[in-house]
Amino acid sequence: MHSQRKYHPIEDCQCIYDMAQILNLKISGLYTNPNQFSEIPEGALIQADNIQIDKGSVAEPRRGQAKYGQMPSSYTGVIDALFEYNDRLISSYNNKIAYDNGSGTFIAYTDPYSAQSGYRIKSTKANKNFYFTTTQNIKKISVLTDQPISAGVPRALDASLSVVAGSFLPNNKSVCYRFVWGYRDANDNLLLGAPSGRAVIVHESGGTKDVSVTLYIPDNILEGYFFQAYRSAIVDKDIVPSDDLQLVYEGVATSTDVNINGYVTFTDITPDDLRGAALYTNPTQEGILQANEEPPCAIDIATFKNMTFYSNTKSKQNIFITLIAVSSTPSTPSTTKLVYDDTITINGIAYTAKATENSGSGHFKLFNGGSDGANIADTAKSLVKIINLRQTSVSAYYVSNFGDLPGKIQIIANDYSLSQFAVVSSKAQCWNPVLQSSGTDNSSTNDVNPNRIYFSKTQQPEAVPILNYLDAGVATDPIYRIIPLRDSVFVLKANAIFRIIGEDPTSLRISLFDNTVSLIATESAVEMNNQIYCYTDQGMCAVSDNGIQIISRQIEDQIQQSEILTNFQTLSFGVSYEVDRKYIFYCKKIETDTYPTHAYVFNFFTNAWTKYINNRSCGITFDNKLYMGGVDGYIYKERKQLNSSDYVDNVYNVTINSISGNVITLASATNVAVNMVLAKGNIYSVITVKVGNNITVESGVGFTAGAAFVYEAIESIIEWSQNSIQNPGILKHFREVTMLFRTADFSSIELGFSSNFDSNPEYTEVSPLRSDQWGSFAWNSIPWGFGSGLAYPIRTYIPLLKRRASWVFFRVRSKKAQSYFAIQGLSVQYETMSERFK
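Residue positions within a chain follow its written sequence, with the count starting from 1. Only residues with pLDDT of at least 70 get local features here, since the model is predicted, and only at 80 or more are side-chain atom pairs given and counted; chain-wide, interface and lining totals rely on the full set of residues. Note: side-chain values were computed over all heavy atoms of the structure, leaving out hydrogens and water.

### Re the overall build of the chain
Spelled out, the test is: A run of H or I in DSSP becomes a helix once it reaches four residues, and a run of E becomes a strand once it reaches two; helices and strands are each numbered from the N terminus. For the radius of gyration, the atoms used are the C-alpha atoms, and the globule rule reads 2.2 Å times the number of residues raised to 0.38. Contacts are residue-level and defined by heavy atoms, with any inter-residue pair within 4.5 Å sufficient.
Of regular secondary structure, the chain possesses five helices and 64 strands. Computed over C-alpha atoms, the radius of gyration of the chain comes to 37 Å, more than 25% over the 28 Å expected from 2.2 N^0.38 for 838 residues, which places it beyond the range of a compact globule. On the principal axes, the C-alpha backbone points of the chain span a range of 150 × 65 × 50 Å. Across the chain, every contact between residues at least 6 apart in sequence was considered, and the portion connecting residues at least 24 apart equals 65%.

### Topic: the environment of Asn137
What counts is decided by this rule: Here a polar contact means two N or O atoms within 3.5 Å. Within protein one must be a hydrogen donor candidate and the other an acceptor candidate, and residues neighboring in sequence count only if both atoms are side-chain atoms.
Structurally, the position occupied by Asn137 is in the loop between strand E12 (129-132) and strand E13 (139-141). Residues Asn137 and Gly152, 15 residues apart in the sequence, show an inter-C-alpha distance of 10.0 Å. Filtering out sequence-adjacent residues up to four positions away, Asn137 remains in contact with Phe132, Ser150, Cys297 and Tyr416. Looking at Asn137, its side chain comes within polar contact range of the side chain of Lys139, at 3.3 Å. Polar side-chain contacts of Asn137 include one of 3.0 Å to the side chain of Ser150.

### Quick look at the pairing of strand E53 (residues 677-680)
Our working rule: Two strands are counted as paired when DSSP detects at least two bridges linking them.
In this structure, E53 lies alongside strand E54 (residues 683-691), joined through four bridges in antiparallel fashion. Within E54, the residue paired with Lys680 across the bridge is Ile683. Counting the residues between successive antiparallel strands, the hairpin from E53 to E54 contains two residues, one of them, Gly681, with a positive phi of roughly 65 degrees.

### Digging into a nonpolar patch on the surface
Stated formally: Two distance rules govern patches: like charges are joined within 9 Å, and nonpolar side chains (Val, Leu, Ile, Met, Phe, Trp, Tyr) within 5 Å, applied only to residues with over 30% relative accessible area and no salt bridge. Only the protein chains shown count as cover for residues, and all accessible areas are computed by the Shrake-Rupley method using a 1.4 Å probe. Should a side-chain nitrogen of Lys or Arg be within 4 Å of a carboxyl oxygen of Asp or Glu, the pair is scored as a salt bridge.
Side chains of Ile288, Leu289, Ile466 and Leu467 sit close together on the surface and give an oily, nonpolar patch of about 370 Å² of accessible area. Structurally, the position occupied by Leu467 is in the loop between strand E34 (448-455) and strand E35 (469-471).

### Looking at the sheet that holds strand E15 (residues 159-169)
What counts is decided by this rule: Axis lines are fitted to C-alpha atoms, over the contacting stretch for helices. Their N-to-C directions set the angle, which ranges from 0 to 180 degrees.
The sheet built from three strands is open, its strands ordered E15-E19-E23 with antiparallel pairing. Sheet topology places E15 and strand E23 (263-268) at the edges, where each strand pairs with a single neighbour. Strand after strand, the sheet turns through a mean of 20 degrees between neighbouring axes, direction not considered. For strand E19 (residues 209-216) and E23, the ladder comprises six bridges, and the chain directions are antiparallel.

### Observations regarding the nonpolar core
As a reminder of what qualifies: Here the nonpolar core consists of buried residues drawn from Ala, Val, Leu, Ile, Met, Phe, Trp, Tyr and Cys, with membership extended through side-chain atoms lying within 4.5 Å. The rule is simple: take the accessible area with a 1.4 Å probe, protein chains only, and divide by the maximum for that residue type; under 20% is buried, over 50% is exposed, in between is partly exposed.
If you look at the biggest cluster of nonpolar residues, it comprises 52 residues, and the most contacted ones within it are Leu45, Phe585, Trp720, Met739, Phe741, Phe810 and Ile823. One finds Val326, Leu383, Ile387 and Val394 within the second-largest nonpolar core, a separate group that totals 31 residues.

### Remarks on the pattern of salt bridges
Under the definition given, this model contains 39 salt bridges. A salt bridge links Glu84 to Lys125; the shortest N-O distance between them is 2.4 Å. In this pair, Glu84 is assigned in strand E7 (residues 79-85) and Lys125 in strand E11 (residues 123-126), connecting sequence segments 41 residues apart. Among the ionic pairs, Arg813 bridges to Glu750, the shortest N-O distance being 2.6 Å. Here the residue Arg813 occupies a position in strand E63 (residues 808-814), and Glu750 occupies one in strand E59 (residues 749-755), the gap between them amounting to 63 residues. The residues Arg813 and Glu750 share a single accessibility class, namely buried. Because the salt bridges share partners, they merge into one network encompassing Asp54, Arg63, Asp580, Lys582, Glu638 and Lys640.

### Regarding empty space enclosed by the protein
Filter applied, for reference: Here a cavity denotes a set of grid points, spaced 1 Å apart and computed over the protein atoms alone, in which a 1.4 Å probe fits but from which it cannot get out, and a pocket denotes an open set meeting protein on both sides within 12 Å along at least five of seven lines; residues with an atom within 4 Å of a point are reported as lining. Grid points are joined across faces, edges and corners, and a volume is the space filled by probe spheres set on the points.
Using the criterion set out here, one finds three cavities of 30 Å³ or more in the structure. Of the volumes computed, that of the largest cavity is approximately 40 Å³. Gln52, Arg62, Arg63, Gln65, Tyr577, Asp580, Lys582, Tyr612, Leu626 and Glu638 are the residues that line the largest cavity.

### Points about the side chain of Ser716
Within the element layout of this structure, Ser716 appears in strand E57 (residues 716-720). A distance of 3.0 Å separates the side chain of Ser716 from the backbone oxygen of Asn50, its partner in a polar contact. Apart from the residues lying within four places of it in its own chain, the contact partners of Ser716 are Asp49, Asn50, Ile51, Pro61, Val812, Arg813, Ser814 and Phe821.

### Notes on helix H3 (residues 556-563)
Stated precisely, the cut-off is as follows: As used here, the arc is the angular range of directions from the helix axis to the C-beta atoms.
Every buried residue of H3 is accounted for by Glu556, Gln558, Ile559 and Ser562. For H3, the buried positions fall inside an angular range of 160 degrees around the axis, keeping them on one side.

### Overview of the pairing of strand E52 (residues 663-666)
With burial as the criterion, only one face of E52 is covered, namely that bearing Ile664 and Leu666; the residues Val663 and Thr665 on the opposite face remain uncovered. Hairpin connection of strand E51 (residues 651-660) to E52: two residues between the antiparallel strands, including Gly661 at a positive phi of 65 degrees. One ladder, built from three bridges, connects E52 with strand E55 (residues 694-697); its direction is antiparallel. Looking at E55, one finds that Thr665 is bridged to Asn694.

### Let's talk about the sheet that holds strand E28 (residues 349-354)
Pairing in this open sheet of four strands is mixed, and the strands run E29-E28-E27-E32 from one edge to the other. Sheet topology places strand E29 (363-365) and strand E32 (423-425) at the edges, where each strand pairs with a single neighbour. When strand polarity is set aside, the average angle formed by the axes of neighbouring strands in this sheet is 25 degrees. Note that strand E27 (residues 343-346) and E28 share four bridges and pair antiparallel. The partner of Thr345 across the bridge, within E28, is Ala350. Helix H2 (residues 372-390) contacts E27, E28 and E29 of the sheet and is inclined by roughly 155 degrees relative to E29.

### Quick notes on the side chain of Thr379
Topologically, Thr379 is positioned in helix H2. Only 2.9 Å separates the side chain of Thr379 from the backbone nitrogen of Phe367, close enough to count as a polar contact. Filtering out sequence-adjacent residues up to four positions away, Thr379 remains in contact with Leu323, Val326, Leu338, Phe364, Lys365, Leu366 and Phe367.

This is how it looks when you write it as structure tokens:
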């Protein structure tokens, strides 16, 4: 008699098969940081290379990028930045700027233009002009094909005045002048510079006179610029003339004036009652503190509510000196007063006190016939005149005003490229400060303000008064970026974020917005959807007026591995792709990379992260397409025909020598690889084998000898997080998987499998079963196999070695050129087996 054994639930569970199905109809993007068993959403991915999730829970391959144009002179290095102006691209590369002629041919501007060390050139558009930052100053383009010029108009230099025969100025009367330079640019913007200092003339020589004016021309004034003279009302000689000035003369500088003479001359004959428009800096107008100074040298530039902002600024090198003693007997030696043949050397150029002026020899006139104050003032003005005529690297201004001691001079570098310069003199004691006879004790200085933001007048981006500035926090912490949103300007610093609000220059104010977030990757910050997306010490953030939102928590482990790499801060960059609702962040992948090699891509509608795998150095969206700067001197343009031709990268020219069935012999197979597509006319076929110059294609029908093309494949990989059927502690028997395609326009695709017991992926190649005879029409007239638009399930068995596991990984890999898919989910058939792990 046989005994009957009772059922034991543990020992016998593997004999009980409970066929079940799990359906996953979501694709949520990358989730690599949280607990993969409990903290990730349905449809989470651990690999999403070269795909995009722009439709809710639909994974598609990214569109390809084709070479659009190469930098001039066959430049093969990294492109630094891309800009758009007047529907054309502008590129920055190798300390040069070039513009696109409209068909991918880039033409370089003549002069070199480089960014400040550690930064890239930034730009803004205002008043129909294009402005960009350089190490020299802010540059401006009004016409794309014209050479850039310096933004702003230089402050007018002082003038020499004398009375001549005439009829408007009575005897024993005086008047005051100021002078202004300006021009009207190609976009019909009127620009006026800062006015000169006050120039007062007293007429005491009898009779009625006119005034002869010699106005000296500043550096950076170009042929065709106009000059204006503004004059006060006539007053008695003992009365200080008013600073309420009105226009009495306007003229245009000729080529001879600018390039040969260095000055213009004219005679003021305007009667007092015919004076014209008021000078804009009059006390009854804007005031002298609102003079239109040139924009400062800046790291970043932006436009907000018709004001242009300049951040992280510095001024030109400058120094103040004051002449305090002139000898009344200059032929007699003196130890404390200026006499003949005494010298002062400025920026390496010597100026000598003489009885008469000679600009070619650097001789300035020592006056000794008046009072001590008059002699000092007139001698200092003569020195200012000769400095301005003799050298182009600096300009001099006589800055003693009414009520000041006479003889005060300011010497300013003409541009930012001039480094610190020294002033020495053979007669030390006649100057304040005391000037040494050699060395650099008395040298110029400049204001370097890493935390300062200057702002222009409304609708005058090139007019920046000296008091129009705001300081953001501690001076030693630099501003990295300024980015305007709809209602405010955000100031991103190394250790905090500030915000500027206001409607005009009089109402602007700045305040601390957040001191817990610090910008790390300076080029990552871009505006999109009225938010600023950037990489900070908290990861990827979206900054808006409502606060700061961290958006990269789910992939934080991956990005942090890049953050520790050398030059992450300067090489990484972000691109705003608003029309596709994407923020694209490129960075290095490994330490040996010398440029960004992959990108994390965030869609702010689907909240999904994916990755692009390619080498890029900068980017911009233009004409609703993505344009990327390459590391090979090329600009790449996104393919966006919305058909199968979009899903390739580069295209290469080849020549077909002969055809034998499916084997095609090329003249050269350089750049040709398996899985590329060979194309000639409307005939396309995937390359399956390459041996030397012989290639095998899926079908050689229709090909003929002659010129052809090969299209580079984009390898797309999607891998779902481990599928443990919500219980990783139970062993299962996974039988089959069905991939659900919204569109399956490919000849074949690979499904990959791995498990916790066998981590090496095993691939199975599958093809769609189609009722519409895939590939029977012109390939890229519409997407491959365009048919009913119904979903296409592709079912396959799971490989034997991957079936028995606690969890499995499912993967899709597409690596053939011009293959398109749209995956909507998967279904898995399985059976539970045992609580044993192995």
